[in-house]
Amino acid sequence: MGKEVLAANWKSNMTLREMISWVNGFRRQMETQSQTDFGEKTIIVCAPFTLLLPLQEKIAGLVLPIEVGAQDVSPFDSGAYTGEVNAAQIKEFANWVIIGHSERRKHFGETDEVLAQKVNQARLVGLKIIYCVQDEATPVLEGVEVVAYEPPSAIGTGKPDTPENANSVAQAIRQKFPYVTSVLYGGSVKPENVGAFVSQKFISGVLVGGASLTPDSWFKLVTA
Ligand code: PGA
């Protein structure tokens, strides 16, 4: 296993002003807690498209150990696809992308076929993918290395899976899809329970929604 991955998913939250205040708040936490070295941790913030550039600039300006990710990508190349943001456009400002989040499957009708196109587009430009599945039965395409296991019943409900069950699903995913090198757990992860998940043998990190929305809670979680 490589570095522990701690990925924030801001979903459809944060304005420009709120993002700036979040990053300043995170830096303040680093200063007051004298913690600037996250050594074996990869910290990622997956932001709305409108914030990718300013977030990247803000993080670079303050030299923070945070990588930028998007939350979705067009299944198509550049061209006449009104409203879509393509992989090459994302790659200018981010090096990660979430694909197949259950909210995209549910509210936007994304199918395994469309998700395969998205994976293909992301891979063509070298975006690193966090591919979300709801269980070990969800297909994972070849070439995907990082998977997030997120049971829908645990997302935003305050009712996480048990670390033991998440670990056995993670193990099953690794066995079934040998090209997957890391499985993250997502669904009601908080500063209080993150340790119980990342200490499991087959869990390499977490994908976090609600608890990533304030810098204090996110700082607590990444330093827990
Ligand atoms: P949650 O969301 O942490 O708010 O449960 C996780 C996710 O949807 O990625």
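The structure under discussion appears in the preceding block.
Worth saying up front: this structure is predicted, and the values here are computed from it rather than measured.

## Side note on the packing of aromatic side chains
Across all of its chains, the model carries 8 aromatic pairs by this definition. Plain terms: the ring middles of Trp22 and Phe26 are 5.6 Å apart, the flat faces sit at 0 degrees to each other, and that makes the pair stacked. Here Trp22 and its partner Phe26 are both found in helix H1 (residues 16–32), 4 residues apart, which amounts to about one turn of the helix. For the residue pair Trp22 and Phe26, the accessibility class agrees, reading buried in each case. A centroid spacing of 4.1 Å and a plane angle of 5 degrees characterise the contact between Phe76 and Tyr81, whose relative ring orientation is stacked. Tyr81 sits in the partly exposed class, given a relative accessible area of 34%. By the ring-pair criterion, three or more aromatic residues cluster together here, those being Trp10, Trp22, Phe26, Phe38 and Phe219. Above the plane of the ring of Phe108 lies Arg104, whose end atom (NZ or CZ) is 4.0 Å from the centre.

## So, the site of the ligand
Inspection of the region around the ligand gives 13 residues, with Lys11, His101, Glu150, Gly156 and Ser188 positioned closest. Contacts to the ligand include Lys11, whose side-chain N or O atom sits 2.8 Å from an oxygen atom. A distance of 2.7 Å separates an oxygen atom of the ligand from a polar atom in the backbone of Gly156. Calculation on the ligand without its partners gives an accessible area of 280 Å², and the protein chains cover 97% of this total.

## Regarding empty space enclosed by the protein
Within the structure shown, the criterion is met by 1 cavity of 30 Å³ or more. Around the largest cavity, the lining residues are Gly100, His101, Ser102, Arg105, Cys132, Val133, Gln134, Glu150 and Ile155. By residue class, the composition of the lining of the largest cavity is 3 nonpolar, 4 polar and 2 charged.

## Description of the layout of surface pockets
By volume, the largest pocket is sized at about 370 Å³. Around the largest pocket, the lining comprises 14 residues; the ones closest to its centre are Lys11, Ser12, Gln71, Arg104 and Phe108. Among the elements that make up the lining of the largest pocket, the one with the highest residue count is helix H4 (residues 102–107) (3 residues). For the lining of the largest pocket, the residue count by class is 5 nonpolar, 5 polar and 4 charged.

## Overview of the packing of H1 against helix H2 (residues 52–62)
Two elements in contact, H1 and H2, have axes separated by 10 Å at closest approach and are oriented at 25 degrees. Considered as vectors, H1 and H2 are oriented roughly parallel to each other. Remark: the crossing between H1 and H2 carries right-handed chirality. From H1, Leu16, Met19, Ile20, Val23, Asn24 and Arg27 reach across to H2, where they touch Pro54, Leu55, Lys58 and Leu62. Grouping the amino acids of the contact of H1 with H2 by side-chain chemistry returns 7 nonpolar, 1 polar and 2 charged.

Rules used in this analysis
- Residues numbered from 1 in each chain as written.
- Predicted model: local features only at pLDDT ≥ 70, side-chain atom pairs only at ≥ 80, totals over all residues.
- Heavy atoms only, no water.
- Phe/Tyr/Trp six-rings, centres within 6.5 Å; stacked < 30°, edge-to-face > 60°.
- Helix = DSSP H or I, 4+ residues; strand = E, 2+ residues; numbered from the N terminus.
- Buried < 20%, exposed > 50% of the residue type's maximum accessible area, 1.4 Å probe, protein only.
- Lys NZ or Arg CZ within 6 Å of the ring centre and 35° of its normal.
- Near = heavy atom within 4 Å.
- Polar contact = N/O pair within 3.5 Å; in protein donor to acceptor, adjacent residues only side chain to side chain.
- Areas by Shrake-Rupley, 256 points an atom, 1.4 Å probe, with all protein chains shown as cover.
- 1 Å grid on protein atoms, 1.4 Å probe; cavity = no way out; pocket = protein on both sides within 12 Å on 5 of 7 lines; lining within 4 Å.
- Points joined across faces, edges and corners; volume = space filled by probe spheres on them.
- Nonpolar A, V, L, I, M, F, W, Y, C, P; charged D, E, K, R; others polar.
- Axes fitted to C-alpha atoms, helices over the stretch in contact; angles between N-to-C directions.
- Parallel < 35°, antiparallel > 145°, perpendicular 65-115°, else oblique.
- Left-handed = near helix turned anticlockwise from the far one by under 90°.
- Contact = heavy atoms within 4.5 Å.

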